[in-house]
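Take a look at the letters that make up each chain.
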Amino acid sequence: MPQTIGIPKETFAGEKRVATVPEVVSKLIKLGFAVIVESGAGNYASFFDDAYAEAGARIAPDATVLWSSSDIVFKVRAPEMSEVALMKTGQTLISFIWPAENPDLMKALAAKKVTVLAMDCVPRLLSRAQKMDALTSMAGIGGYRAVIEAANAFGRYFNGQITAAGKIAPAKVFIAGAGVAGLAAVGTAAGLGAIVRANDTRAEVADQVKSLGGEFVKVDYEEEGSGGGGYAKVMSEGFQKAQREMYAKQAKDVDIIITTALIPGKPAPRLITAEMVASMKPGSVVVDMAAERGGNCELTEPDKAVAKHGVTIIGYTDLASRLAKQSSTLYATNQLRLTEELCKAKDGQIVVNMEDDAIRGFTVIKDGEITWPPPPLKLPAPPAPKAAAPAPKAEEKKKGFGVGTAITFLVGAGLFALIGAYAPAAFLGHFTVFVLAIFVGYMVVWNVTPALHTPLMSVTNAISSIITIGALLQVAPPFVPGRPDDLIRWIAVVGIALTSINMFGGFAVTRRMLLMFHK
């Protein structure tokens, strides 16, 4: 008998997202599951009951009916204690849980003898788990929305303009933390025309910041900041001091600061002090994306936008929820991919395989037993280096190549001597120049870096087409005894036609290549 997936209405205050959408409901049914949705669960995300019913879901009148009718429950936010009370033994919950921050919730869920899969614990280092990575999906939306909130609170354009009324300088935006959310903010702010700067403890993200149109601001202190699981690590006190000095300098110069720094299981690091906020220009904006974990700014008030020292400080904790339709769709897709991993037989039954590294990683409670934290991932060993080719063979190959070249030159010299013995003296002089030109051209072109072959050949072909002058000399004068006969003259005409094509074609190709570098 197929299991039933239940989609309750989110009870967390202000939460507008829903755990699945009608488009995904039909795909879950194809996997063999039955789906039941609490009435009104998707209203805030513009997914209404009739759309769910049309996709094949049943509509439950209230939460009690939904929880009692479901074998598996999809949620966005971690359940509240009132929802835990509605759970039944053997049920499976798939949701954000944050086990490190919610020990009491973990104990209550374990007491219910349920299985809990935490969407925030997906092992991000496994490439096949990335399709289930809801943290990345939500962080990208949050970074985008942070810039929109900053633009709403900012008093002027992001992009610079020159108008009849005067010149408007572009806004300067500094983004502290260039993870998924930070990079989304960099791309959005740059797209709006702002001058964007960003910083991160992980040096490898510098190229990503630049590729999105931002400038990477480096801390004047050498220390690697990459941590486990794709997150940054806690830095040394020396680094943090140098970082604070850099942030203080940026705060005086920029108009908008967006902070994104979070480390799992720890309070948000304090990056922006009250003194830095006071040093900012009046009308500036700070958007603190870490407000739910205490905030990166000392003056942040969670879920509020406050004005202090003439600066607007935004501490909204529901940035992804403010784009409810988009974030619900992405989150539903993440949960669908997770369900496909759990139900490979497509028979409407999930199997929590604790031998699978990906599934083990986000299984925090299994049949009432707390299994979090998971054991370290068993990453594959790096491939063994290939054995170098034996030195004697390489030397032998090099020697063989020299012998072949010598034979080629000897044969060529013999042919040249044979031609010289019977050909007229005038022909021999021209032939010598011809052979030398071939040899010199070969050595010049084949010693050029391959990346330059195309532009080099297009120019040299055009220049070499000057040989058409020689052909013109052959066809221009009238017939005179001792001059080339008519056959030579017609060959010269054909040569002029071909070299003209080569000449103009070479310059045309060169021009097109140069235009590729014009903006």
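A. Representation of the pairing of strand E10 (residues 195-199). For E10, the buried fraction is high: 4 of the 5 residues fall into the buried class. For strand E9 (residues 172-176) and E10, the ladder comprises 5 bridges, and the chain directions are parallel. Paired with Ile-175 across the two strands is Ala-198, which belongs to E10. A crossover connection joins E9 to the parallel E10 through helix H7 (residues 180-191); in handedness this β-α-β unit is right-handed. Here E10 pairs with strand E11 (residues 215-216) via 2 bridges, running parallel. By the bridge assignment, Ala-198 is partnered in E11 with Phe-216. This β-α-β element, E10 to helix H8 (residues 206-211) to E11, shows right-handed connectivity.

B. Highlighting the pattern of salt bridges. Taken as a whole, this structure holds 24 salt bridges when the rule is applied. Two residues, Glu-23 and Lys-27, come together in a salt bridge whose shortest N-O distance is 3.8 Å. A residue pair is termed a helical-turn pair when its members lie 3 or 4 positions apart in one helix, as Glu-23 and Lys-27 do in helix H1 (residues 22-30) at 4 residues. Looking at Lys-27, the relative accessible area reads 35%, which means it is partly exposed. Note that Asp-367 and Lys-366 form a salt bridge whose closest N and O atoms lie 2.9 Å from each other. Assessed through its relative accessible area of 23%, Lys-366 is described here as partly exposed.

C. Representation of helix H11 (residues 324-342) in the model. The terminal C-alpha atoms of H11, which comprises 19 residues, lie 26 Å apart, in line with the 27 Å expected from a rise of 1.5 Å per residue. Buried positions along H11 lie against H1, strand E4 (72-74), strand E5 (92-95), strand E6 (115-118), helix H6 (134-153) and helix H12 (357-362).

D. Structural detail: the packing of H6 against H7. Relative to each other, H6 and H7 sit at 40°, their axes nearing to 7 Å. Crossing geometry of H6 relative to H7 is assigned as right-handed. In this structure, H6 uses Thr-136, Ala-139, Gly-140, Gly-143, Tyr-144 and Val-147 to contact H7, whose residues at the interface are Val-180, Ala-181, Ala-184, Ala-185, Thr-188 and Ala-189. Of the residues in the contact of H6 with H7, the class split is 8 nonpolar, 4 polar and no charged.

E. Highlighting a nonpolar patch on the surface. A surface patch of nonpolar side chains, amounting to about 650 Å² of accessible area, comprises Val-403, Ile-407, Val-411, Leu-415, Leu-418 and Tyr-422. For Val-411, the position within the fold is in helix H13 (residues 391-422). For Val-411, a relative accessible area of 48% translates into the label partly exposed.

F. Just the environment of His-309, in detail. Positionally, His-309 belongs in the loop between strand E14 (305-308) and strand E15 (311-314). As for His-309 and Pro-282, which are separated by 27 residues in sequence, their C-alpha atoms are 7.5 Å apart. Excluding its chain neighbours within four sequence positions, the residues that come into contact with His-309 are Ala-274, Val-277, Ala-278 and Leu-299.

G. Here's a closer look at the packing of aromatic side chains. All told, the structure shown has 5 aromatic pairs when counted by the stated rule. On the numbers, 5.5 Å between centres and 25° between planes, the contact of Phe-96 with Tyr-331 is stacked. Placement of Phe-96 in the loop between E5 and helix H5 (103-111) and of Tyr-331 in helix H11 is noted, with a sequence separation of 235 residues between them. No difference in accessibility class separates Phe-96 from Tyr-331, as the two residues are buried. Taken together, a centroid distance of 6.1 Å and an interplanar angle of 85° make the contact between Tyr-221 and Phe-239 edge-to-face. With Tyr-221 in the loop between E11 and helix H9 (237-253) and Phe-239 in helix H9, this residue pair connects regions lying 18 residues apart in the sequence. Classification of Tyr-221 as partly exposed rests on a relative accessible area of 35%. Exposure remark for Phe-239: the relative accessible area of 3% places this residue in the buried category. Linked through ring pairs, Phe-96, Trp-98 and Tyr-331 together constitute an aromatic cluster. Over the ring of Tyr-316 we find Arg-322; its NZ or CZ atom is 3.8 Å from the centre of that ring.

What counts, and where the lines are drawn
Throughout this description, residue numbers start from 1 for each chain and increase along the sequence as written. Side-chain atom pairs in this predicted model are given and counted only at pLDDT of 80 or more, local residue features only at pLDDT of at least 70, and totals for whole chains, interfaces and linings cover all residues. Side-chain measures were taken over the full set of non-hydrogen atoms in the model, leaving aside hydrogen atoms and water. Burial status follows relative accessibility: with a 1.4 Å probe on protein chains alone, a residue under 20% of its type maximum counts as buried, one over 50% as exposed, and anything between as partly exposed. Only runs of H or I of at least four residues qualify as helices and only runs of E of at least two qualify as strands under DSSP, and these elements are numbered from the N terminus. We call two strands paired when DSSP finds no fewer than two bridges between them. Orienting the strands away from the viewer, one traces the path from the first strand over the helix to the second; a clockwise path indicates a right-handed crossover. Salt bridges are defined by distance alone: a side-chain nitrogen of Lys or Arg within 4 Å of a carboxyl oxygen of Asp or Glu. To estimate how far a helix should reach, multiply one less than its number of residues by 1.5 Å. We call two residues in contact whenever any of their non-hydrogen atoms come within 4.5 Å of each other. Between N-to-C directions, angles cover 0 to 180 degrees, with each direction set by a line fitted to C-alpha atoms, over the stretch in contact for helices. If you view the pair so one helix is near and one far, a crossing is left-handed when the near helix is turned anticlockwise from the far one by less than a right angle, and right-handed when it is turned clockwise. Here the nonpolar group is Ala, Val, Leu, Ile, Met, Phe, Trp, Tyr, Cys and Pro; Asp, Glu, Lys and Arg are the charged ones; every other residue, Gly included, is treated as polar. Without a salt bridge and with relative accessible area above 30%, a residue can belong to a patch; like charges are then joined within 9 Å and nonpolar side chains (Val, Leu, Ile, Met, Phe, Trp, Tyr) within 5 Å. Residue burial considers only the protein chains on display, and all accessible areas are found by Shrake-Rupley using a 1.4 Å probe. For Phe, Tyr and Trp, rings pair up if their centres lie within 6.5 Å, where Trp contributes its six-membered ring, and each pair is then called stacked (planes under 30 degrees apart), edge-to-face (over 60) or tilted (otherwise). Geometrically, a charge over a ring is one whose NZ (Lys) or CZ (Arg) sits within 6 Å of the ring centre while staying within 35 degrees of the ring normal.

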